[in-house]
Amino acid sequence: MIKGVMFDFSGTLLRVESTEEWLAAALAETGIQPAEEFGETARRLTEYGALPGGPSPQHLPAHLETLWDQRDMSPEQHRAAYGGLTHAAGITDPELVRALYDRHMIPAAWRPYPDTGPTLRALRRRGLPVAVVSNIGWDLRPVFRAHGLDELVDAYVLSFELGVQKPDPVIFRTACDRLGLTPADVLMVGDSREADGGARALGCPVHFVDHLPVDQRPGGLTPLLDLLGPV
């Protein structure tokens, strides 16, 4: 019987803006024009996975491999990894690199999926506590507060604060402990078979959703409520 739920953040509850929106916002802030035309710059940023929360790199420079694997262990590693990918994509102006990285951390860069709020409120009505378990290098709590979701979350377990990344079972064990529940009673919901699937090592049931743009995944969490049954 499910007594609590753990959720991944990016691609599960909220989705980052598109690469084009992200780039346009940073260019507007700095007044800098990239060396290549806008569409080509956005394409290269996508190719190199420079947008945190966006598509993974199609090309990962060898000198960034270790940093990429450990990017969510600290704010410094996270910024360095994504700054390196931005540089590899052809953006070398330090001011624009900074603006791009800083942009992705503000609430306006994130949008909840249409059923995120309704699902979290339904879980609250059922009396099921919720934890957000995320591999991330910065504090996402302000994003949840800005979107009116913070009051629906009972615990945040963030890799950069714990010094452990998913799929390490320690991060899921910590979340279960903070919810006061045994792993077998806590459902893990996420979009990564590799990272979020690590909860299975503790005996947690796991439910996967698709990591898609907000307007392409309507009702993605609805099967979860069906699994939990009526109020």
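The following refers to the structure shown. Every value quoted in this text rests on a predicted model; they were computed, and no experiment measured them.

Criteria and cut-off values
Residues numbered from 1 in each chain as written. Predicted model: local features only at pLDDT ≥ 70, side-chain atom pairs only at ≥ 80, totals over all residues. Heavy atoms only, no water. Pairing = 2+ DSSP bridges. Helix = DSSP H or I, 4+ residues; strand = E, 2+ residues; numbered from the N terminus. Axes fitted to C-alpha atoms, helices over the stretch in contact; angles between N-to-C directions. Buried < 20%, exposed > 50% of the residue type's maximum accessible area, 1.4 Å probe, protein only. Core = buried A, V, L, I, M, F, W, Y, C linked by side-chain atoms within 4.5 Å. Contact = heavy atoms within 4.5 Å. Parallel < 35°, antiparallel > 145°, perpendicular 65-115°, else oblique. Left-handed = near helix turned anticlockwise from the far one by under 90°. Nonpolar A, V, L, I, M, F, W, Y, C, P; charged D, E, K, R; others polar. Phe/Tyr/Trp six-rings, centres within 6.5 Å; stacked < 30°, edge-to-face > 60°. Lys NZ or Arg CZ within 6 Å of the ring centre and 35° of its normal. Expected span 1.5 Å × (residues − 1). Arc of directions from axis to C-beta.

## Points about the sheet that holds strand β5 (residues 155–158)
Taken together, the five strands give an open sheet; going across it, the order is β5-β4-β1-β6-β7, and neighbouring strands pair in parallel fashion. If you trace the sheet from one side to the other, it starts and ends with β5 and β7 (206–208), each paired once. Strand-to-strand twist in this sheet, taken as the mean axis angle between neighbours without regard to direction, amounts to 20°. Pairing geometry for strand β6 (residues 186–190) and β7, over three bridges, is parallel. Along β7, the bridge assignment pairs Val189 with His207.

## Regarding the pairing of strand β1 (residues 4–7)
Judged by which residues are buried, β1 turns out to be covered on both faces: Gly4 and Met6 on one side and Val5 and Phe7 on the other are all buried. The pairing of β1 with β6 spans four bridges and is parallel. The residue of β6 that forms the bridge with Gly4 is Val186. Bridge count for β1 against strand β4 (residues 130–134) is three bridges, and the pairing is parallel. Paired with Val5 across the bridge in β4 is Val130.

## Regarding the nonpolar core
The biggest cluster of nonpolar side chains holds 53 residues, and the ones touching the most others in it are Phe7, Phe9, Leu123, Leu140 and Phe144. Among the elements that line this core, the one with the most residues is helix α5 (residues 94–103), at five residues. Setting aside residues up to four positions removed in sequence, Leu140 forms contacts with Phe9, Val132, Ser134, Tyr156 and Leu158. Core analysis: the second largest hydrophobic core is formed by 18 residues, Val164, Ile171, Ala199 and Val206 among them.

## Considerations on the packing of helix α1 (residues 19–30) against α5
Viewed as axis vectors pointing N to C, α1 and α5 meet at an angle of 130°, and their least axial separation amounts to 9 Å. Between α1 and α5, the interaxial angle falls into the category oblique. Here the hand of the crossing between α1 and α5 comes out right-handed. Residue-level contacts link Trp22, Leu23, Ala25, Ala26, Leu27, Glu29 and Thr30 of α1 to Glu95, Leu96, Arg98, Ala99, Leu100 and Arg103 of α5. Its residues placed into classes, the contact of α1 with α5 shows eight nonpolar, one polar and four charged.

## A short note on the packing of aromatic side chains
Under the definition given, this model contains six aromatic pairs. Ring centres of Phe144 and Tyr156 lie 5.6 Å apart, and the angle between their planes is 80°; this geometry places the pair in the edge-to-face category. Taken together, the residues Phe144 in helix α7 (residues 141–146) and Tyr156 in strand β5 connect sequence positions twelve residues apart. By relative accessible area, Phe144 is classed as buried at 0%. On the basis of relative accessibility, which here comes to 9%, the residue Tyr156 falls in the buried class. A network of ring pairs unites the aromatic residues Phe9, Trp110, Trp138, Phe144 and Tyr156 as a single cluster. The ring of Trp68 carries Arg71 above its face, with NZ or CZ at 3.6 Å from the centroid. Between the NZ or CZ atom of Arg217 and the centre of the ring of Tyr113, over which it lies, the distance is 3.6 Å.

## Notes on α1
Counted at 1.5 Å a residue, the expected span for α1 with its twelve residues is 16 Å, and the 17 Å between its end C-alpha atoms agrees. Looking only at α1, the buried set comprises Thr19, Trp22, Leu23, Ala26, Leu27 and Thr30. Projected down its long axis, α1 shows its buried positions confined to an angular sector of 125°, all on one face. Residues Ala28 and Glu29 are exposed on α1 and point more than 90 degrees away from its buried face. Those residues of α1 hidden inside the fold are in contact with α2 (38–47) and α5. Of the residues trailing α1, Gly31 is marked for its positive phi of about 75°.

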